[in-house]
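Notes for the structure review
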Amino acid sequence: MQYSTAFSDAVLALACLASLLWLRPAFTGQPVLRALLLGFGLTATAALCGAVRYGLDPNWIDKHRSFTQLSAALGLPLLGLAALALSRGMAWSRSIWTVWLLALVGLFIGARLLGVDQHYRLALSLVTLLLILYAGLNQWPQRQPGLAAIGVVALFLVAGLAVGTEGVIGPLRRVDLFHALLTPAYPLLAWLLLRLHNAASKENPAKTL
């Protein structure tokens, strides 16, 4: 068993669930809530599966891998799209969100069939982070959303590109440090989404597609 990783996965799951509970009252009844549920929910599920895999039952490895892939291919991109829509004051309808979801699913399946799923997930993650960065900086001259977006992007980039999940750094497992970096990233992203929502609510009625 790898109890340190089980613990770090459990903490990440709690951070995602807390973020979702924090956001839900503000977005109740809005189509974007579906994207938030999938975005934070898939990551929380992947982390919970990891906690079980590393702490209780190694046979959960396939569930853990599957939900981790879904989190990268569907969950985080939906959060990036939510940030983009909120920053532009666009209230996308349920049908638009369904189209986005089906498009992401189709691209994910296509990438797997072509054998380029790893490269696709990396490219998709980078595009998503650019959307989050744009959403925050688009609120200028307000500095806090931009700083929050920079913080989120920095945490994800350091976790994914500099740390990774294989091997060790000194006395620490890389996967535990990876989880430790993502744990504050998701609540910070939730704060940014809430700030974007509040800013859009104060302006003229949002454009509906």
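See the structure above.
Okay, so let's go over this structure. For every chain, the first residue of its written sequence is number 1, and the numbers climb from 1 along that sequence. With pLDDT at 70 or above as the cut-off, local features in this predicted model cover only qualifying residues; side-chain atom pairs require 80 or more to be listed or tallied, and sums for whole chains, interfaces and linings still use all residues. Side-chain measures were taken over the full set of non-hydrogen atoms in the model, leaving aside hydrogen atoms and water.

1. Some details on the nonpolar core
Residues Leu36, Phe40, Tyr186 and Leu193 are the most contacted members of the largest nonpolar core, which totals 54 residues. By definition, any uninterrupted DSSP run of H or I lasting at least four residues is a helix, any uninterrupted run of E lasting at least two residues is a strand, and each is numbered from the N terminus. Listed by contribution, the elements that provide at least two residues to this core are helix H1 (3-27), helix H2 (32-55), helix H3 (61-87), helix H4 (94-114), helix H5 (117-137), helix H6 (143-163) and helix H7 (174-202). Contacts are assigned to residue pairs with any non-hydrogen atoms lying within 4.5 Å of each other. Residues contacting Tyr186, with those up to four places away along its chain left out, are Leu12, Cys16, Ser19, Phe40, Thr43, Ser71, Leu76, Leu79 and Phe156. Think of a nonpolar core as a cluster: buried Ala, Val, Leu, Ile, Met, Phe, Trp, Tyr and Cys residues, connected wherever their side-chain atoms sit within 4.5 Å. Classification of residues uses two cut-offs on accessible area relative to the type maximum, computed with a 1.4 Å probe and protein chains only: under 20% is buried, over 50% is exposed, and between them is partly exposed.

2. Here we look at H2
Take the residue count of a helix, subtract one, and multiply by 1.5 Å to get its expected span. Taking 1.5 Å per residue, 24 residues should reach 34 Å; H2 reaches 34 Å between its end C-alpha atoms and fits that length. Among the 24 residues of H2, 18 are classified as buried, and the element is accordingly described as predominantly covered.

3. Observations regarding the side chain of Ser71
Within the element layout of this structure, Ser71 appears in helix H3. Taking relative accessible area as the criterion, Ser71 reaches 8% and is therefore assigned buried. Two N or O atoms form a polar contact when they lie within 3.5 Å of each other; inside protein one atom must be a possible hydrogen donor and the other a possible acceptor, and for residues adjacent in sequence the pair counts only when both atoms belong to side chains. A polar atom in the side chain of Ser71 sits 2.7 Å from the side chain of Thr43. Setting aside residues no more than four positions away along its own chain, Ser71 makes contact with Leu42, Thr43, Leu76, Pro77 and Tyr186.

4. Describing a nonpolar patch on the surface
Any residue with relative accessible area above 30% and no salt bridge may belong to a patch, with like charges joined within 9 Å and the nonpolar Val, Leu, Ile, Met, Phe, Trp and Tyr side chains within 5 Å. Only the protein chains shown count as cover for residues, and all accessible areas are computed by the Shrake-Rupley method using a 1.4 Å probe. By salt bridge we mean one thing: a side-chain nitrogen of Lys or Arg within 4 Å of a carboxyl oxygen of Asp or Glu. Together, Leu122, Leu126, Leu157 and Leu161 make up a nonpolar patch on the protein surface, roughly 340 Å² of accessible area in all. Looking at the nonpolar patch, the elements that each hand over two or more residues are H5 and H6. Among the secondary structure elements, Leu161 is positioned in helix H6.

5. Re the packing of H3 against H7
At a minimum axis distance of 8 Å, the contact between H3 and H7 shows a crossing angle of 30°. Judged by the inter-axis angle, H3 sits roughly parallel to H7. The chirality of how H3 crosses H7 is left-handed. Within the contact between the two elements, H3 uses Ser71, Leu76, Leu79, Ala82, Ala83, Leu86 and Ser87 and H7 uses Tyr186, Leu189, Leu193, Leu196, His197 and Ala200. Polar here means any residue outside two lists: the nonpolar Ala, Val, Leu, Ile, Met, Phe, Trp, Tyr, Cys and Pro, and the charged Asp, Glu, Lys and Arg; Gly therefore counts as polar. For the contact of H3 with H7, the class distribution of residues is 10 nonpolar, 3 polar and no charged. Angles shown run from 0 to 180 degrees and are taken between the N-to-C directions of axes, each axis being a line fitted to C-alpha atoms and, for helices, limited to the stretch in contact. Roughly parallel means an angle under 35 degrees; roughly antiparallel, over 145; roughly perpendicular, 65 to 115; everything else is oblique. Take the far helix as your reference; a near helix turned counterclockwise from it by less than a right angle gives a left-handed crossing, and one turned clockwise gives a right-handed crossing.

6. So, the packing of aromatic side chains
Aromatic rings from Phe, Tyr and Trp, taking only the six-membered ring of Trp, are treated as a pair when their centres fall within 6.5 Å; an angle between ring planes under 30 degrees marks them as stacked, one over 60 as edge-to-face, and anything in between as tilted. Within the structure shown, the criterion is met by 4 aromatic pairs. Note on Phe40 and Tyr186: the rings are 6.0 Å apart at their centroids and 70° apart in plane angle, and the pair reads as edge-to-face. Here Phe40 is found in helix H2, whereas its partner Tyr186 is found in helix H7, with 146 residues between them in sequence. With a relative accessible area of 0%, Phe40 lands in the buried category.

7. Re unusual backbone geometry
Residue Pro141 is bonded to the preceding Trp140 through a cis peptide linkage, with omega at 20°. Assignment of secondary structure puts Pro141 in the loop between H5 and H6.

8. Notes on the pattern of salt bridges
Scanning all chains against the criterion turns up 1 salt bridge. For Asp117, the salt bridge identified is with Arg121, shortest N-O distance 3.4 Å. Taken together, the residues span about one helical turn, with Asp117 and Arg121 both in helix H5 at a distance of 4 residues. The same class applies to Asp117 and to Arg121, which are both buried.

9. Things to note about H5
Taking 1.5 Å per residue, 21 residues should reach 30 Å; H5 reaches 30 Å between its end C-alpha atoms and fits that length. Three or more residues of H5 are buried, namely Asp117, Tyr120, Arg121, Leu124, Ser125, Thr128, Leu129, Ile132, Ala135 and Gly136. The buried residues of H5 occupy an angular sector of 170° when the element is viewed end-on, so they sit on one face. Turned more than 90 degrees away from the buried face of H5 sit His119 and Leu130, all of them exposed. Regarding the arc, it is the one traced by the directions from the helix axis to the C-beta atoms.

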